[in-house]
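Overview (structure and organization)
Residues per chain, in single letters:
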Amino acid sequence: MQSPLEKLNKFLELEREQNYENRAVVGGLDKAVPYWEREARAYQLPEELISFIVEKLQEYPRLQPEQRKEIIQQIFAQIETCGASNKAPAQLVEHPSRHSSKGSQQPSVKKETREEDNTQISKILQTPLERVSGVGKKTADALEKFGVRTLQDLLYFFPRRYDDYSRLKPINKLKYGDEVTVLGVIQAIASRPVRDGKMQLIEAIITDGTGTLRLSWFNKLWYVNRFPKGTQVAVSGKLDMYLGKLVMKDPEIEEIDREQLHTSRIVPVYPLTSELNQKTLRRLMYKTIMQWAPKVQDFLPTSVRTSLKLLELGIAISQTHFPDSQDSLDQARWRLAFDEIFLLQLGVLRQKLSWKSLPARVFEVPDSWIEQRLALLPYELTNAQKRAIQEIRIDLASGKPMDRLLQGDVGSGKTIVAAMAIGMVTYHGAQAAVMAPTSILAEQHYRNLSRVLTQSGDDLPAILQPEQIRLLTSDVRGAEREDILNGLQNGSVKLLIGTHALIEDPVQFQDLQLVVIDEQHRFGVSQRAALRKKGNNPHLLVMTATPIPRSLALTIYGDLDLTVMDEMPPGRQPVETHVLHPLERERAYQLIRHEISNGHQAYIIYPMVEQNENGDGLSVVQEFSRLQKEVFPDLNIGMMHGRLKPEEKDEVMARFRDGQYHILVSTSVIEVGVDVPNATVMVIEGANRFGLAQLHQFRGRVGRGAAKSYCLLIPESDDALENERLSVMVETNDGFVLAERDLQQRGPGEFLGTRQAGFTELKMANLTDVHII
Ligand code: ADP
Ligand code: MG
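Below is a summary of the structure that appears in this document. The shown structure was predicted, so the numbers you read here are calculated from the model rather than taken from an experiment.

Around ligand 1 there are 16 residues in total, and Q385, G411, K414, T415 and R572 lie nearest to it. Within the side chain of Q385, one N or O atom sits 2.9 Å away from a nitrogen atom of ligand 1. In the environment of ligand 1, an oxygen atom lies 3.3 Å from a nitrogen or oxygen atom belonging to the side chain of R704. Isolated, ligand 1 exposes 570 Å² of accessible area, and the fraction of that covered by the protein chains is 84%.

Structure (structure tokens):
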């Protein structure tokens, strides 16, 4: 007996041959529907498939031939995707429950049909891979390792690179030393034992019509069977000379499809696992792309696409896999990169909108309050600081949650701005929290903020009492911790300062209205959200010294309003920076000595805590004892690194701050925020291992007082390229310039220090693509 699908197949084929005149069935295709439907049910075809086909066929007579053609293609496609054509009751693609299109005889029929088709297509694209025809279980499992689970994922599983066979060199043009890919046919291949039979030498000769080239490998015995005479191959490697003849030793070799080369001279190379080979995968991709890419619905309206000169989505996908030329590949990648950034941006803006749609408590303070508070400070605020305080004041009074990023280079004086914000909120009896990335920094904030907020003037009471301000880090335990937690709940503690211990569960506030996060780049978006959840739509102030390139400010930080403090407190001199040759280290030590004899202090930074097993690179622990014994036996040196307990770190920091240590050797833990104005020398060993933005942070640890300060960068080697990168540090003290460079050179992952949500999703775009952004 013929299956209902086979029968259907026949009708539809016939219809196609007869140019869609609806004559394949007497009286029209729709007349056959009730009968076919019954049979299909009896045959236990999946319900979704049945209703899909039935609806399509019922529409059929009303449509124009062009539309009929499309419908028939869709039915074929649906059957194919379901893999139902050869197997009877199979598990099937989910079919969306469709709102009735019947009864709507309006002129918009055509459009409506198209929209439904689009929903249909996007449903089909969600088909799990193992149900896509041509994909076996084994292939599906192998692809799953790359996160490819659906038909759609497969369309977006992009080549790792391309072999551009359109720019090949013919064999007769090859020269000694060339590194090339050559295309040819295996003319001979054989193996023979060498070195007393300890090894097998495999030799092959390929030809491309212009000449022959000899290839050789050791011990790859299976090549003899894998690439027999007549196989078309691509080989890549470096050309060597042996007995006066060119030879390629141990080249990479790959069989290529003739078919493939006919369709495209630029051939995709996909990421592979041991279970997947390039040829199989390419074939699968080719089939999938040809069938499905043209059906992909473009979510960008044509008008937008035209004005931005973007390729259509389906074309972009297929050209990314199988480009016709380098130019169309570039255009295709551009389009896909555009989509990534565009969608990222939409997400960020949606986030901002939803946050801004919530009401927040209004906090207002009189002008006189601000003037009086500022008059208590030992210095005059910079204009940038004043502006920042004004912006925050407006936010806090707006009735909407503040969501502000305060960006100011190291030393620009962000802490006092935060203190004023805290003052405005706690002045009204509400609570505030400050989260810092390290306990050193939290402790420093605790001291500074306490000083500012508990200060009183002649007629001016203090904003807070000392006991209303508490410090919470992971090493605060027992009774003290209990006391803090209680105080937060009953509202007697008004300001809590700490590390990420703040976002732990037991920490509950009575009335948290302001959240301040320092050095934002050390925290992820999720930590920001977690702290915010501790209150009821609290206001948020995020601070960072990492200058944010424009592209980043618009994308990842796009949900925040931005305040830039582009002015330094007066009297700051730029830090004099030099890159030293590794052998000039002694000069750095001389400078340290000189500065210390003038009453100053110095930092020396190392990239590692302890030496790794390879013994390469300088480390804090080894260098600490060497410096103490051999270089500065008469000076006090402190040692700081991440493996110390928090209380030990605080102890070391306190001693350095109080001048008990002349020199502090440290890893990057002191990178952020630490403020010891008496330190005037910053020596960075292994400078090549750090990003520019990070080096700039280190450098910001000095030059914080009135005295002239120095930063010496010592790379591990003389590598010219590295030193050129470092020389940018000499040229500029401008954090923005450095951040842009860093972003270009090292990418956003490095730049941000943490992997933040969203960026890892970017496959085509780059957060440095300012132009797209
Ligand atoms: P950062 O922006 O790096 O967090 P801080 O807030 O730690 O900077 O400030 C750096 C130093 O500058 C501190 O010692 C602070 O007291 C001081 N400072 C802040 N603002 C001014 C100002 N307007 N004039 C002079 N010194 C200031
Ligand atoms: Mg700071």
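Okay, back to it.
We now examine the packing of helix α17 (residues 439–453) against helix α23 (residues 646–657). Viewed as axis vectors pointing N to C, α17 and α23 meet at an angle of 55°, and their least axial separation amounts to 9 Å. Relative to α23, the element α17 lies oblique. Of the two possible hands of crossing, α17 and α23 adopt the one that is right-handed. Here α17 contributes S439, I440, E443 and R447 to the contact with α23, which in turn contributes P646, K649, D650, M653 and R657.

Attention now goes to the sheet that holds strand β9 (residues 403–408). As summarised here, the arrangement of the seven strands in space is β11-β12-β10-β13-β14-β9-β15, forming an open sheet in which the pairing is parallel. Each edge of the open sheet carries a strand with a single partner, namely β11 (469–472) and β15 (561–565). For this sheet, the mean inter-axis angle between neighbouring strands, taken without regard to orientation, is 20°. Sheet topology places strand β10 (residues 431–435) next to strand β13 (residues 512–517); five bridges connect them, and they run parallel. Residue Q431 lies in a different strand from β13, and its bridge partner there is L512.

Where nonpolar side chains cluster on the molecular surface, the patch consists of F299, L343 and L346 and spans about 270 Å² of accessible area. Position of F299 relative to the elements: it lies in the loop between α10 (278–292) and α11 (302–307). You can call F299 partly exposed: its relative accessible area is 39%.

We now examine the sheet that holds strand β16 (residues 576–579). The six strands are arranged β16-β21-β20-β17-β19-β18 in an open sheet whose pairing can be described as parallel. Each edge of the sheet is formed by a strand with only one pairing partner; in this case those strands are β16 and β18 (637–640). Neighbour-to-neighbour, the strand axes of the sheet open up by a mean angle of 15°, direction not taken into account. The sheet contacts of helix α21 (residues 585–597) involve β17 (601–605), β19 (663–666), β20 (679–685) and β21 (710–714), and relative to β20 the element is tilted by about 165°.

This next bit is on the packing of aromatic side chains. In this structure the tally under the stated criterion is 13 aromatic pairs. Relative to F342, the ring of F338 has its centre 5.6 Å away and its plane inclined at 15°; by these criteria the two rings are stacked. In this pair, F338 and F342 are both assigned in helix α13 (residues 326–356), four residues apart and thus about one turn of the helix distant. In textbook terms, an aromatic cluster arises when at least three aromatic residues are bridged by ring pairs, as seen for W217, W222, Y223 and F227. For the cation-ring pair, K295 lies above W292, with the distance from its terminal atom to the ring centre recorded as 5.0 Å.

Any two side chains of opposite charge can pair, given that their charged atoms come close. A full pass over the atoms with the stated rule returns 35 salt bridges. Among the ionic pairs, D298 bridges to R305, the shortest N-O distance being 3.0 Å. By relative accessible area, R305 is classed as buried at 12%. Across the salt bridge formed by R643 and E610, the nearest N and O atoms sit 2.7 Å from each other. Here E610 lies in the loop between β17 and α22 (620–631) and R643 lies in the loop between β18 and α23, a separation of 33 residues in the sequence.

Criteria and thresholds
Residues numbered from 1 in each chain as written. Chains lettered and ligands numbered in written order. Predicted model: local features only at pLDDT ≥ 70, side-chain atom pairs only at ≥ 80, totals over all residues. Heavy atoms only, no water. Near = heavy atom within 4 Å. Polar contact = N/O pair within 3.5 Å; in protein donor to acceptor, adjacent residues only side chain to side chain. Areas by Shrake-Rupley, 256 points an atom, 1.4 Å probe, with all protein chains shown as cover. Axes fitted to C-alpha atoms, helices over the stretch in contact; angles between N-to-C directions. Helix = DSSP H or I, 4+ residues; strand = E, 2+ residues; numbered from the N terminus. Parallel < 35°, antiparallel > 145°, perpendicular 65-115°, else oblique. Left-handed = near helix turned anticlockwise from the far one by under 90°. Contact = heavy atoms within 4.5 Å. Pairing = 2+ DSSP bridges. Patch = residues over 30% accessible without salt bridge, like charges linked within 9 Å, V, L, I, M, F, W, Y side chains within 5 Å. Salt bridge = Lys/Arg side-chain N within 4 Å of Asp/Glu carboxyl O. Buried < 20%, exposed > 50% of the residue type's maximum accessible area, 1.4 Å probe, protein only. Phe/Tyr/Trp six-rings, centres within 6.5 Å; stacked < 30°, edge-to-face > 60°. Lys NZ or Arg CZ within 6 Å of the ring centre and 35° of its normal.

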